[in-house]
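# Notes for the structure review
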Amino acid sequence: MSASSKNLVTIFIDDQPYQVSTKDNLLAGVLSQKLNLPYFCWHPSMGSVGACRQCAVMQFQDENDQRGRLVMACTTPVTDCMRISIKNSHASEFREQVIAAMMTNHPHDCPVCAEGGECHLQDMTVMTGHSAREYQGTKRTFTNQYLGELVGHEMNRCITCYRCTRFYNDYAGGKDFGVYGSKNQVYFGRQTDGALASEFSGNLVEVCPTGVFTNKVFSAHYTRKWDLQSAPSVCSHCSVGCNLSIGERYGSVRRVMNRYNSELNGYFLCDRGRFGIGYVNGEQRLRKAKGIAQQSPVQLSTLDIAKALSHFRLKNFIGIGSARASLEANFYLKKIVGSRNFSAGYNDSEMQVAAQHAQLMQLGKAPNLAEIETSDFILIVGEDITQTAARMALSVRQALRNAAIAKASLIGIPSWQDSAVRTIGGTLLSPLFSMQSTSTKLDDVAEQALLMPVERMSLCLQALQKLLGLGHKKAVEKHINEHFLQESFLQEQLSTSEQNFVIAVYQALCRANKPLLISGTSLVSAELLASIAKLMIGFKQDNDMADPSLIIVPPCSNSLGVLSLLDEHSLSIEQVLTTLSEQAEDEQVPRVQGLIILEQELAKCSENQIQQLRALAKTLIVLDHSENRLTKLADIVLPVATVSEGDGHYINYQGRAQKFTQVHPPILPIQESWRWLDNIADTLGIKVSVEATPVEPLTENDNLDASANIKVNTIAKNARCQSLIQVHQFFAQHYSSWPELMTGMSSKPDDKAIARMSHRASGRTSQMANISVHESKATQKFDDSFSFSMEGASIKQTTDMPFVWAPGWNSNQAIGQYQEHINGPLIQHAQSHFIAISTSLANNPHWQLTNKVASDADKREYCAQVAASLTYVQQQNIHLTEWQSAMTPEFQMLKQSNQLFINHDTAEHMGVTSRQWCKVVFSATNEKMQLASQTVISQVMVLANLPSSLAFGNFPLCQSLTHQLEMKITPAGAQEITDYLSQFNDGVLAAEASKKSVLERLKENDQTIPIRLVSGGLSDV
Ligand code: SF4
Ligand code: SF4
Ligand code: FES
């Protein structure tokens, strides 16, 4: 990029020339040059407010000006040839005095402060040279608050920089936190004690430059930052794929910190990503294999596995993969069982959704989070992204500020002048429209937010598509109401509020230059995705509109990885059951020996389906890291590594392949899924994929894939893979379907491995002194780019940094030293890789939607049906929707009691009032004409804008209920309410007890440190 396109000008800092961008303020410009200038209130992502007066520099009019004037660098624009001095004695004395003033009330409790060793205030104090404490008076003190189980509070350490409230309220839209002042007592917290309600509360820990807000889970089992062993990782809890740095000590995961990625998470994570790692240390972890005879009492060996599986050699299995397992593990499973025996664990409806999703992925690359923030129009359809892809919702909130930023720029106020832009902008927001089946946290910033069942969302999208088809936007916009009246379908089928919604969306789209459409798979509606596809095609017509970008949010960290593996042969769970039951009826044809289930809890399967799977599978082999209903039923259970214990790749919602790296080796026999599958492949003999096999005449001795009657060869694979690199090479050599770019992404370390520990780590001698004063050998691993030690190369300036540190910068704000420029990509950043999603899944007629063109009369009848039936939708929850994070005890303690939202008419009809405790009976007749029902004790909440055909709540309904339900609500009896509440409270107490017992166990384990010497699978000790 040329200097002019970056708006670069020359400025003189202490008489030295530097090229600095005029797009940002002087402080950002100085820090981009890797010069040290202290600051507190400015944040690279939140801009400047000039609250702390710490970033003072001397500015001179020209080279003859000897006097200069003090300016705050963060509120000063960069101009060509400007001259400033950081070293000037007045400026540095001023900065030192600012720190001295702050320290008058700040407790000097660094030795016991959780922030010690990574505190921005410590760093800045050293940077300014302030070292002597002169103030002898009494310090101002505060009472701390209980802010929930995730974030701690120690207000005495506050230096009044306002970053916390700027993040929590202004940036993340939180409502239950703020700044309260009386005289010189300024307090940052809640009005009363209570758990912070924001999905982003954990960012306070990183945003606060001191130790006011601390990670409570980390503090409970604390270690200093420099004693953590860390590795670059990727969040395993949703499809955004935020980059993380996971820190571990003595075999237990201690905390998760943000790992800067300029295209995705930037500086912030959601609470699920930061605190949801609790399952790694959890009580549900599987630590032993089940169903395998162990020869040695000490350890399980590969020979034991081989013996246990030997009688399955060359037998066929059905493999059920998982969207939370790595791409490598899923690919390997598919190759072991063959394309025709592979399932993603999706039911029929989910397979239809997957087929539509694969088609939509062909429409172009979905924008990353940084690109979302540049949008000037957003329509969200049927996906509560604050709960299912939370970091994305934070980016949507920033995009809404673009209207205010544009207004401010008209009068010369740059975007980084945060306070001024907010003042000028007032309540002005870029347009956000939302169609949902449940209330969402983005409703308060939406221009219009409508609640409706998913079928009506499709109708609204069809209406919008019709408007697009009418031609040039100016002509349509001018007479839009008439167009609506002319189209009988539009005016007859849409309610007035829906018509107004569609018209408003169309009008806002006419003005948009960078529109964005976001939807997802939460409502499991293939029809909704098909309507979106048609709408997107509508934009390509001659209507003069800017084409919107499209994001489809799937549920899991590797949903797209699994989607890339699905093809026309892939099975749904129903088809797996049919295959198993057909062969059960004809014992002479043993086509499938059983099931291999990979990291999959089959949450959408009913208990009945699970029992059928168990009964029909001759052998049930389950690989998972934590106990679930399948591991309890399995014949063989193989305990697998979690995201912090292994290597692999996840594919995010865009198709972006990202590597997670082992932070600590697991305690054997736990090993990564791909290692178990490698053991299994070795024993069973793996088959060349159907697509890679030339079809040759069959001979008598050929091994047949009976279901396909296609010749199958076996690869003589005698040696197990020792590293992910070897796995990739093996895949690349034998399977044409393995994406080449994945092999390119994993290369052998060409120079010294990067140290996972900081150079200040206490060292192995000290760590194990209670056992032996002799230094143990560091853990080693084959083909690893990182060492399990403080020995090794220091962190590199790339996206692969295990943790962030720079000389003089111990806090996470050291990241500025590794960015090309502030907020820019990292120096030597790795190139982003995107894998292709094939549409072959849609070639299977089972997963296609019927393309019958419905007449208007049909549509009317259908609309009447939808309006007459009841749809219940379960609310998504950031803490508890995702299976892994839901095991975190601190999240379980945040669970809320049952709430059911209905509209006024329904409440009146049932004779109940808002907040009343009721007994709710849901019932439905399924396809086999059996009546299924479920009774729930719940508080009823009445919502004015909810259609009577829709109800939503925070409790799950059993799988055997279809979505068209009957609902009977009666006031609950006193005893029923008491019983329910006592059961609910028992759940919270159990979570609290689990939290305590995990902590006790971990602390006890610290006394017998489980350090392993090598790290390469079962035979490595
Ligand atoms: S609590 Fe922390 S972030 Fe908030 S004003 Fe005080 S020092 Fe700043
Ligand atoms: S759960 Fe999703 S949004 Fe939250 S940190 Fe993880 S990847 Fe990011
Ligand atoms: S960083 Fe400049 S005034 Fe606070």
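Residues numbered from 1 in each chain as written. Chains lettered and ligands numbered in written order. Predicted model: local features only at pLDDT ≥ 70, side-chain atom pairs only at ≥ 80, totals over all residues. Heavy atoms only, no water.

### Things to note about the pairing of strand 10 (residues 229-234)
- With 6 of 6 residues buried, strand 10 is to be regarded as a mostly interior element.
- On strand 10, burial covers both faces: Gln229, Ala231 and Ser233 on one face and Ser230, Pro232 and Val234 on the other are all buried.
- Note that strand 10 and strand 11 (residues 243-249) share 6 bridges and pair antiparallel. The residue bridging valine 234 from the neighbouring strand is asparagine 243, located in strand 11. (Buried < 20%, exposed > 50% of the residue type's maximum accessible area, 1.4 Å probe, protein only. Helix = DSSP H or I, 4+ residues; strand = E, 2+ residues; numbered from the N terminus. Pairing = 2+ DSSP bridges.)

### Description of unusual backbone geometry
- Each neighbour pair has its own omega, and for leucine 668 with proline 669 the value is 10°, a cis peptide bond.
- Topologically, proline 669 is positioned in the loop between strand 24 (657-660) and helix 26 (673-684).
- Although it is not a glycine, aspartate 14 adopts a positive phi angle of roughly 50°.
- With respect to the element layout, aspartate 14 can be found in the loop between strand 1 (8-13) and strand 2 (16-21).
- On the accessibility criterion, aspartate 14 (22% relative accessible area) is partly exposed.
- With a phi angle near 65°, lysine 34 is a residue other than glycine that sits in the positive phi range.

### Looking at the site of ligand 2
- The environment of ligand 2 is made up of Cys235, His237, Cys238, Val240, Gly241, Cys242, Cys270, Arg272, Gly273, Ala390 and Arg391.
- Mapped by element, the contributors of at least two residues to the shell around ligand 2 are helix 7 (271-275) and helix 13 (390-399).
- Taken together, the residues that form the shell around ligand 2 break down as 6 nonpolar, 3 polar and 2 charged. (Near = heavy atom within 4 Å. Nonpolar A, V, L, I, M, F, W, Y, C, P; charged D, E, K, R; others polar.)

### Description of helix 2 (residues 89-103)
- Taking 1.5 Å of rise per residue, the 15 residues of helix 2 would be expected to cover 21 Å, and the 21 Å separating its terminal C-alpha atoms lies within 8% of that figure.
- Taken as a whole, helix 2 has its buried residues at Ala91, Arg95, Val98, Ile99, Met102 and Met103. Projected onto a plane normal to the axis of helix 2, the buried residues spread over an arc of 135° and lie on a single side. Those residues of helix 2 that are exposed and aimed more than 90 degrees away from the buried face are His90 and Glu93.
- Structurally, helix 2 contributes buried residues whose contacts are with strand 3 (56-60), strand 4 (69-72), strand 5 (83-85) and helix 3 (120-128).
- Between the side-chain oxygen of the N-cap and the backbone nitrogen of histidine 90 there are 2.9 Å, and the N-cap of helix 2 in question is asparagine 88. (Expected span 1.5 Å × (residues − 1). Arc of directions from axis to C-beta. Contact = heavy atoms within 4.5 Å. Polar contact = N/O pair within 3.5 Å; in protein donor to acceptor, adjacent residues only side chain to side chain.)

### Things to note about the sheet that holds strand 30 (residues 899-902)
- Taken in spatial order, the 6 strands of this closed barrel run 29-33-30-32-31-34, and their pairing is mixed. Here the average twist between neighbouring strands, direction ignored, is 45°.
- With 6 bridges joining them, strand 31 (residues 917-925) and strand 34 (residues 964-971) adopt antiparallel strand pairing. For valine 921, the partnering residue across the bridge sits in strand 34 and is lysine 968. (Axes fitted to C-alpha atoms, helices over the stretch in contact; angles between N-to-C directions.)

### Quick word on the nonpolar core
- Of all hydrophobic cores here, the largest spans 79 residues; its most connected members are Leu26, Leu27, Phe40, Phe167 and Phe213.
- For this core, the element with the most residues is helix 1 (residues 26-32), which contributes 5 residues.
- When near neighbours in sequence (up to four residues on either side) are disregarded, phenylalanine 40 contacts Cys52, Gln54, Ile99, Met102, His120, Leu121, Met124, Ile159, Cys161, Arg163 and Pro209.
- One finds Leu309, Leu684, Cys721 and Val727 within the second-largest nonpolar core, a separate group that totals 58 residues. (Core = buried A, V, L, I, M, F, W, Y, C linked by side-chain atoms within 4.5 Å.)

### Let's talk about the side chain of threonine 388
- One can find threonine 388 in helix 12 (residues 385-388).
- Leave out the neighbours within four places in its chain, and threonine 388 touches Cys238, Arg272, Glu383, Ser522, Val553 and Gln876.

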